[in-house]
There are 2 protein chains.
Amino acid sequence: MACALHRTTARILEILEKVASFTQGITLSELSRVLDIPKSSLHPLVCTLAEKKYLIYNNVEERYYIGEKLFILGNRYLSNSDILERIKSVLLEVNEKTKETLYFGVLSDCDVLYLEKAELHSKFRVVSNPGNKLPAYATGYGKAILSQFSPEEIQEMYPIKDLAPYTKHTVKTVDGLNEQLESIRTCGFSYEIEESTIGIRCVAVPIKVQNRILAGVSLAVPVFRYNKEREELFKQLLTDAKAKIEKIIAEDRRNWIYS
Amino acid sequence: MACALHRTTARILEILEKVASFTQGITLSELSRVLDIPKSSLHPLVCTLAEKKYLIYNNVEERYYIGEKLFILGNRYLSNSDILERIKSVLLEVNEKTKETLYFGVLSDCDVLYLEKAELHSKFRVVSNPGNKLPAYATGYGKAILSQFSPEEIQEMYPIKDLAPYTKHTVKTVDGLNEQLESIRTCGFSYEIEESTIGIRCVAVPIKVQNRILAGVSLAVPVFRYNKEREELFKQLLTDAKAKIEKIIAEDRRNWIYS
DNA sequence: GAACGTTGTTCGTATATAGGAACATGAAGG
DNA sequence: CCTTCATGTTCCTATATACGAACAACGTTC
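Residues numbered from 1 in each chain as written. Chains lettered and ligands numbered in written order. Predicted model: local features only at pLDDT ≥ 70, side-chain atom pairs only at ≥ 80, totals over all residues. Heavy atoms only, no water.

Glancing now at the overall build of chain A. Looking only at helices and strands, chain A has nine helices and eight strands in total. Once the C-alpha set of chain A is aligned to its principal axes, its extents read approximately 65 × 40 × 40 Å. A buried classification covers 54% of the 259 residues belonging to chain A. Partitioning the intrachain contacts of chain A with sequence separation of at least 6 by distance along the chain shows that 55% fall at a separation of at least 24. Surface exposure of chain A reaches about 11600 Å², of which carbon and sulfur atoms provide 51%. Averaging the positions of the 35 positive and the 34 negative side-chain charges in chain A gives two centres separated by 3 Å. (Helix = DSSP H or I, 4+ residues; strand = E, 2+ residues; numbered from the N terminus. Buried < 20%, exposed > 50% of the residue type's maximum accessible area, 1.4 Å probe, protein only. Contact = heavy atoms within 4.5 Å. Areas by Shrake-Rupley, 256 points an atom, 1.4 Å probe, with all protein chains shown as cover. Lys, Arg positive; Asp, Glu negative; His and termini not counted. Charge placed at Lys NZ, Arg CZ, Asp CG, Glu CD.)

Structural data, given as structure tokens:
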């Protein structure tokens, strides 16, 4: 796939992303400034985006918001493949047995992207929701996914020595991260103690396909419901879920290894 | 908002939508044919879309799939506004009391768009999922939303006399639909009996803001769990939920009426 | 193995679009 | 009331992009 980048296309995507990042909406002029694109160039673009409902233009406050069409298309990403549906049912099984929250996600650049979540309706704080990203090094299954990379590759991914701390328990250095990854490689499990969310611990496993780690499954538990016996149960259920999910992905006709 | 449409922007959106509609992926040439756009014009566009992860290009099968970025942006549509979060918690309350599935959605063109859903993990067939669209006339809360329009306006929305049947119980004519809408206007509730999904009945209420119906809430029940006593409970809970949701939306600073 | 199909890719120019400058509008400030 | 600072909108042309045609690389078919 040879790649001739296209300025206008890149701009449209920038517009969508920028508007989405402004929760309270953004005016045309403001958008022109932050993207460094002339207003007159932006104008027909945002008009078309609004016309097609990718953006919403609020006339009275003269601000653009993200539109419903992105929501509709975005959800196709999951519903197009029944794989994720089946993966979710595996998560639900574990959820029923443990009453704890399960996550399934993949690596997306240096972050981890939540795809599916299985939880009971709880009043507790949530770690995250599908569609969100968190730094891979700050999450249990993020580290599980990272564990496929050598210390050198990790160094490349994080050129700066110090990792931005997500909570006060987040691993702070690349060296520290590499130590943890080594331990994951030997025992097969990844642990996280309040590194992404205060009050929450995680146990996670990597999901391998064709000997490459593509995804991870994590079980998140409030610290006060965590103990050694339950940890054993979690690990057993996760090992079971891991096998099922790897089977689901392996059976799929679609090629998961692309470059 | 004056509108000068932009061809390239419209094309990019067409590409995204078309690729999303092909579950099993689509090749560049195929895309060129269905969109009637030259391959050479498409090429830099899809390259950029793939580069930015709005599409995924599978090298080995030479097919484009919908990418993760759309999923990420799409979910912002919901999470950007805490309104929907709060609306969902209202749905969850009703769900806990009834153990039945709740939907919240809005009108999108002539269809109804599911935004939120509250359900127990059940083995039952699902009516739909957030992000999906169904014909408004085939669903309980779709008809609740439609009930704000006069028979003349409905005629305009559905120029053809016969409505495409979704199931064998779907209302078949515009006149029949108008009769149902009249009854909704008088009693305040909308009923659906296996019109969108065989085996499922719905009771729904319209959500009014500034005297305009903007959305609807629906409670979906398997037919065998439906009876007159429960219907009374459903109607009472829905009336309660309706008031809460209308209050949530009314308190919001954001203008929900834009044109 | 030659002929035809498919795929993606490249190139040059005809054409559509980008963007500076100017304009219309309204709100805030002196 | 005039000025200043926002907003969105329009116009014209320099410029970037679209697209036909030709190409390369595979797979099938006869």
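That shown, we press on.
With that settled, consider the relation of the copies chain B and chain A. Overlay of chain B on chain A (RMSD 0.1 Å): rotation 180°, translation along the axis 0.0 Å. Taken together, these values place the two copies in the relation of a two-fold axis. Using C-alpha coordinates, one finds that chain B approaches the rotation axis most closely at Gly-74 of chain B, a distance of 2.3 Å. A share of 100% of the interface residues of chain B reappears at the interface of chain A, consistent with the copies meeting face to face through the same patch. (Least-squares fit on C-alpha atoms with pLDDT ≥ 70 in both.)

Residues and elements named next belong to chain A. One can find Asn-132 in the loop between β4 (111-118) and β5 (133-135). As for Asn-132 and Tyr-114, which are separated by 18 residues in sequence, their C-alpha atoms are 5.8 Å apart. Ignoring anything within four residues of it in the chain, the contact list for Asn-132 reads Val-112, Leu-113 and Tyr-114.

Since there are 3.6 residues in each turn of an α-helix, residues three or four apart along the chain are aligned in direction. Residue and element names in this part refer to chain A. Helix length check: helix α9 (residues 228-251) (24 residues) gives 35 Å between terminal C-alpha atoms against 34 Å at 1.5 Å per residue, within 8%. Buried residues of α9: Glu-231, Phe-234, Lys-235, Leu-237, Leu-238, Ala-241, Lys-242, Ile-245, Glu-246, Ile-248 and Ile-249, and no others. Along its buried surface, α9 packs onto α5 (82-98), β3 (101-108), β6 (190-193), β7 (200-209) and β8 (212-222). The N-cap of α9, judged by a side-chain oxygen 3.2 Å from the amide nitrogen of Glu-229 a few residues on, is Asn-227. (Expected span 1.5 Å × (residues − 1). Polar contact = N/O pair within 3.5 Å; in protein donor to acceptor, adjacent residues only side chain to side chain.)

Moving on: helix α5 (residues 82-98) of chain B. All names here are of chain B. Across its 17 residues, α5 extends 25 Å between first and last C-alpha, which sits within 8% of the 24 Å expected from 1.5 Å per residue. Those residues of α5 lying buried are Ile-83, Leu-84, Ile-87, Val-90, Leu-91, Leu-92, Val-94, Asn-95 and Thr-98. Next to the buried residues of α5 lie α4 (68-79), β3 (101-108), β4 (111-118), β8 (212-222) and α9 (228-251). Note on α5: the residue one or two positions beyond its end, Lys-99, has a positive phi of about 65°.

On to unusual backbone geometry, then. Look at Glu-194 of chain A: it is not a glycine, yet its phi comes out positive at around 55°. Within the secondary structure layout, Glu-194 of chain A lies in the loop between β6 and β7. Even without a glycine there, the phi angle at Asp-36 of chain B is positive, about 60°. With respect to the helices and strands, Asp-36 of chain B occurs in the loop between α2 (28-35) and α3 (39-51).

So, on to the pattern of salt bridges. The full count for this structure, using the stated rule, is 27 salt bridges over all chains. The residue Glu-100 of chain A makes a salt bridge to Arg-230 of chain A at a minimum N-O spacing of 2.9 Å. Highlighted residues: Glu-100 of chain A in the loop between α5 and β3 and Arg-230 of chain A in helix α9, separated in sequence by 130 residues. Judged by its relative accessible area of 2%, Glu-100 of chain A is buried. A salt bridge links Glu-93 of chain B to Lys-244 of chain B; the shortest N-O distance between them is 2.8 Å. Residue Glu-93 of chain B is located in helix α5, and its partner Lys-244 of chain B is located in helix α9; the two are separated by 151 residues in the primary sequence. Judged by its relative accessible area of 32%, Lys-244 of chain B falls in the partly exposed class. Within the structure, one salt-bridge network assembled from shared partners comprises Lys-53 of chain A together with Asp-109 and Lys-133 of chain B. (Salt bridge = Lys/Arg side-chain N within 4 Å of Asp/Glu carboxyl O.)

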